[in-house]
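So the chains spell out like this:
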Amino acid sequence: MTWLTWPYAAIAASIAIPALLILYFLKLRRRDVEVSTTLLWKKAIQDLQANAPFQKLRRNILLILQLLVLGGLLAALGQPQIKGQTVTGARHVILLDRSASMSAMDEEERGEKVSRLDAAKKQAIALVESLREGGLFDKDKADQAMVIAFDSQAEIRQQLTSDKDALKRAIEAVTPTETPTAIEEAIRLAKAQQQKRKVEGVEVEGLTSDVPFTMHIYSDGCIPDAGKAAPGPEDKVEFHRVGTSEAANVAIVGMRAERSFDNPNRLSVYVSMENNQTLARSVDVELIVDGQGAGIKTTTLPAASTDGLTLSAPEAARAAAQENATRAAAGVAAPDEAPRNLVRPTPGVGGAVFSLERGAGAIVQVRLRDPGSGTPLTGDVLALDDSGWLVVPPAKRLAIAVVSPSKNLFLLTALQGLPLSRLSELSPPQFQQKALDGTLGEYDVFILDGWLPPGAKKPLPVAPAAPTGTPGAETPAAAAPADDVKPEDLLPPGRYLIIGDVPLRLGQTPSGIKDLGFGEVSSIVDWRRDHPLLRSVNLDGLDIAKSRKVEIESGSPAAVLASSDTGPIILDASTAEIRSVIIPFEVAESDWPFNVSFVVFMASATGYLADDAGTGATGRLIQPGSVLSDRIPSGAADISVKPPVGDAQKLQAAADGRVVFGPLTRSGVYNVSWKGASGPTDFQDDEGRATRFYAANLFDTRESDVAASERVELASKVLIAESEGSAVADRRLWPWLLLAALAIVMLEWFVYNRKVHV
Amino acid sequence: MLKTANPTRPKGIDDLLTSELIAKLDPLDLSSKKVFFGKLKGERRSKKRGQSVEFADHRPYSIGDDTRHIDWNIYARLDQLFMKLFLEEEDLSLQLIIDCSASSDCGEPSKFLFMQKAIMALGYVGLVNLNRVGAAAMGEAPGSLLSAVRDLRGRRRVHELASWVCSLEPGGDFSFKEAAERIAMTRRGKGLMLVFSDFFFKEGFEEGLRRLVGHGYDVYVIQVLSPQEIEPPLTGDLRLKDMEDLDTAEVTISAPLLKRYKANLAAYCQQLAAFCARREMTHMTVRSDTPIDVLILDYLRKRGIVK
């Protein structure tokens, strides 16, 4: 029982009860009646008193009834509420998981399957109902709550409020997304709402000057980043689990398409799948290319296993003891069932490979079906990870232009061995002319051999040091001297392999690379063997006769891929517009062209640089929850994006042609279309409208392993799922008290009449 | 019960005795269960041997006897002197006592007026039959005796009695015991005594009645109650004020209380009746709304006061 406004009731009682008593005493001033004698009356009174032990009570029954009425009214003024379980703490944060796994249909409501999110919303609304309401007079005393929906990002759906309707509306409005789960941001977002407590003027992290939060996490417990989330030490965190731990799911967790190196028309689609059931399961994997069925394969996925993860006996005992301690701390009774295996089983992994001849670009969809029937998987709680999409660009060989003031035989020989669609030699003026004409798009990669546009060689003008004594006197614009480089002299946007020279600017931005001139003989010391560019390249024993000495400034976009004893010799420098691999030394001045690794490097470098253009076999894969961000050719107009569900939306491109859409909430195929020039891999229709496709897939092992977890290990505490139905809506008692007061008034009227009408 | 708002006070004999009542009273005479010695020669047979015409007894002559009463016939036959004794006829003393306390002056019709009328009627019966009629009013006065008239005899005294009755003004409180003592001390002879009162005495009626009885009087206790005393028409929360001693009782009228009151009243009357019965007094409770002729001709005749 909680009293919402007990001070009001107490004040009113301190006035009203004495007032009633005084009134009652005043009421005792009776009507005077002269009688012949009071003898018999006194005797009658005495007799009555002697005969009735409760005479005193009876005598004042009206007073007692009035006191009861008054008591009822005063108690009603105090606005008592009863609830089955007290929700402690006046500030609640409702963290509602809306990630992909929350779409699993393994909750039941009235015999019908509902999604976990619906069940979570119902529980959250029950919690909202159970919040203590403010009284009629002071709304401040009410419990407040905040609604945060989170998937891979978190979003405040409702700020702290005591308005239950607003909270319920906010909860109802949460829709499922198809993104992975990340709770850390949600908890940080909640913590950001708290005012930090200051100790001696210094804010102390984790301590709040407000009431600590009670955080209610409504989730299925599949939260991979739970270990990063650290709620404040004063905050209480309750984990309300939805979903069942027996939920079965088969999921596509990865897809890849590859074109064969020698025959680009041969397309292989690899599908990897997982099965979290403890039974092996056969599924049909259906391949759909551009909406047409292209193949079907039956695969048996092995059962999920705990083999590799079985704990040793002492470890298991320790883990169980720790869990029991946590349960005791959380006030949750230990379940009756036998101790569960504390480790999640490792899903059974399987795969399927499709090979097909297809030179053109395609949208490839793979979906899982029940074997033989072609119907969606039965008993599979999460449908959204049963299909996956890929955007396969057309089989296109690279077009490469070598821009060099002089013929480089080594380079051309190496490139001629590659399966290219086009290899051109351009002189620097030709390149500049093409840049002016805007026809650089004909080539995927430019190799700038010993030449750079003049502007790229000029360092950015440096502002002179401000004279001391007049700090901040000049504006930055006034401080920077005029840039005398013409735009056409700069490196235009594109992909470059720069050999034998170092650009100081990449487009307008400084490259952050310092050219210290030619150095001495050097040999390679180290290279990044894990980088895709150098994965299959062996640079051992490479000697360089004449190399430029290069230094990288801090904050530079350049990354060192290989370094010699004098400094970096292979750099990867990319900005928003320009992607480049820089080799500062002259190839001809080294023994590299004689090494087989040179040819391999050229192949992988051009492939690596062109990969971003979508010529790789699997480009433009996005996971829901992340942002679709890409560059489209400049000059595009009327840009729109069409998500898999819903209407197309208009987009505005940034100055450099970058479009941003998202974060994406749905998996499927997104297309961005525009009017204007198309990129090398874009589809262009007759009306001059270019379209670029993106595939959004969940492809998340943790998210697809939908078995609900009973414990969530946060950084600072371990949460055990609360037993269900903990929130009991509070019942307002004061209307009942008012009713009782009314009933007593009627009883009093009856008693009074009984007394008076003899 | 309730004080009479505008009490009607009798102005004269016409207010007390109507001619119809007189006509009904004229044939009546007082009687007593006991035979008393009278003071004067009256119309009542006395225990005394006297000079009436009714022979009573003989007794031997002794020296000094009135020779006029010697029965000479017996002397002639027996040659002995015998005195002839006759029954003496004497008057009857009627003592009427009225309660003049404030409490008498209440009720509708007024108890006091009722008592006045009853006294006047009985006094009239007494006077016309040549009885000695005395009356006393108990009231707030030294000795608790307000006033009294004595030894009225004969029809001519009726007006005197009437004017005395009319002169009575109720009010105040008195001690019944004290009043009874005074009445007992100043009694004349023996005879009937009728006490009209409500007998609501805080000090108790026993002491007073004990003083009245045992002095040769045939005491009749007539308790007059108003209808309002028998059925109190009261409701609500009241402060009852005793009009005699200004004592108050705070009551909240309720059904059980009224029931209790009535039971108490019945018990009180019963107690008075029992007390009187034990002491050879005749008790009677009348309502003040009883017609006087009913009282005299019915109730009192039944009890042998009048015949």
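Residues numbered from 1 in each chain as written. Chains lettered and ligands numbered in written order. Predicted model: local features only at pLDDT ≥ 70, side-chain atom pairs only at ≥ 80, totals over all residues.

Taken residue by residue, the interface counts 36 residues in chain B and 22 residues in chain A. Every element with two or more residues in the side of chain B that touches chain A is listed here: β8 (237-242), β9 (248-252) and α9 (255-278) of chain B. With nine residues, the single largest contributor to the side of chain B that touches chain A is α9 of chain B. (Contact = placed C-beta atoms within 7 Å. Helix = DSSP H or I, 4+ residues; strand = E, 2+ residues; numbered from the N terminus.)

Turning next to the nonpolar core. Grouped together as the largest cluster of nonpolar side chains are 98 residues, with contacts concentrated most on Ile94, Leu95, Leu96, Val147 and Ile148 of chain A. Val195, Phe196, Phe199 and Ile305 of chain B belong to the second largest nonpolar core, which has 86 residues in total. (Core = buried A, V, L, I, M, F, W, Y, C linked by C-beta atoms within 7 Å. Buried ≥ 20, exposed ≤ 12 C-beta atoms within 10 Å, placed from the backbone.)

Residue and element names in this part refer to chain A. On average, residues of chain A score 78 in pLDDT, and 81% of them reach the 70 mark or higher. Summarising per-element confidence for chain A, the mean pLDDT is lowest in helix α11 (residues 476-479) (44) and highest in helix α6 (residues 164-172) (91). Low confidence marks residues 333-341, where pLDDT is under 50. Its contacts with residues over four positions away, or in another chain, come to four contacts. Here residues 465-480 is modelled with pLDDT under 50, and outside its nearest four sequence neighbours on either side it reaches seven contacts, counting other chains as well. (pLDDT = per-residue confidence, 0-100.)

What follows concerns the sheet that holds strand β16 (residues 292-301) of chain A. All names here are of chain A. The four strands are arranged β16-β15-β18-β19 in an open sheet whose pairing can be described as antiparallel. Looking at the sheet topology across the chains shown, the edges are occupied by β16 and β19 (387-392). For this sheet, the mean angle separating the axes of adjacent strands, direction not counted, is 20°. Sheet topology note: the strand β15 (residues 281-289)/strand β18 (residues 362-369) ladder contains six bridges and is antiparallel. Bridge pairing in β18 places glutamate 286 opposite arginine 367. (Pairing = 2+ DSSP bridges. Axes fitted to C-alpha atoms, helices over the stretch in contact; angles between N-to-C directions.)

Right, let's talk about unusual backbone geometry for a bit. The general pattern is negative phi for most residues beyond glycine and trans for most peptide bonds. Of note, the bond from glutamate 108 of chain B into proline 109 of chain B is cis; its omega dihedral lies within 30 degrees of zero at -5°. Here proline 109 of chain B shows up in the loop between β3 (93-99) and α4 (111-128). Phi is positive for aspartate 638 of chain A, which is not a glycine, with a value near 55°. Looking at aspartate 638 of chain A, the number of C-beta atoms within 10 Å reads 11, which means it is exposed.

Our focus in this paragraph is helix α10 (residues 428-437) of chain A. Residues and elements named next belong to chain A. Looking only at α10, the buried set comprises Phe431, Lys434 and Ala435. Here the buried residues of α10 occupy an arc of 105° about the axis, which is enough to place them on one side. Exposed and facing more than 90 degrees away from the buried side of α10 are Pro429, Gln433, Leu436 and Asp437. Contacts made by the buried residues of α10 are with β20 (399-403) and β21 (422-426). Residue glycine 438 follows α10 closely and has a positive phi angle near 80°. (Arc of directions from axis to C-beta.)

So, about the packing of α4 of chain B against helix α10 (residues 292-302) of chain B. Residue and element names in this part refer to chain B. Viewed as axis vectors pointing N to C, α4 and α10 meet at an angle of 50°, and their least axial separation amounts to 9 Å. As far as their axial angle goes, α10 and α4 are oblique. When the axes of α4 and α10 are compared, the crossing they make is right-handed. Taking contact as the criterion, the partners of Lys117, Ala118 and Ala121 in α4 are, on α10, Ile292, Leu295 and Ile296. Per-class residue counts for the contact of α4 with α10 are five nonpolar, no polar and one charged. (Parallel < 35°, antiparallel > 145°, perpendicular 65-115°, else oblique. Left-handed = near helix turned anticlockwise from the far one by under 90°. Nonpolar A, V, L, I, M, F, W, Y, C, P; charged D, E, K, R; others polar.)

All names here are of chain A. Most of β20 is tucked away: four of the five residues are buried. Note that β20 and β21 share five bridges and pair parallel. Looking across to β21, one finds that isoleucine 400 is bridged to leucine 423. Where the polypeptide runs from β20 across helix α9 (residues 409-416) and back to β21, its parallel neighbour, the crossover connection is right-handed. As paired strands, β20 and strand β22 (residues 445-449) are joined by four bridges and run parallel to one another. Bridge pairing in β22 places isoleucine 400 opposite valine 445. (Right-handed = clockwise from strand over helix to strand, strands pointing away.)

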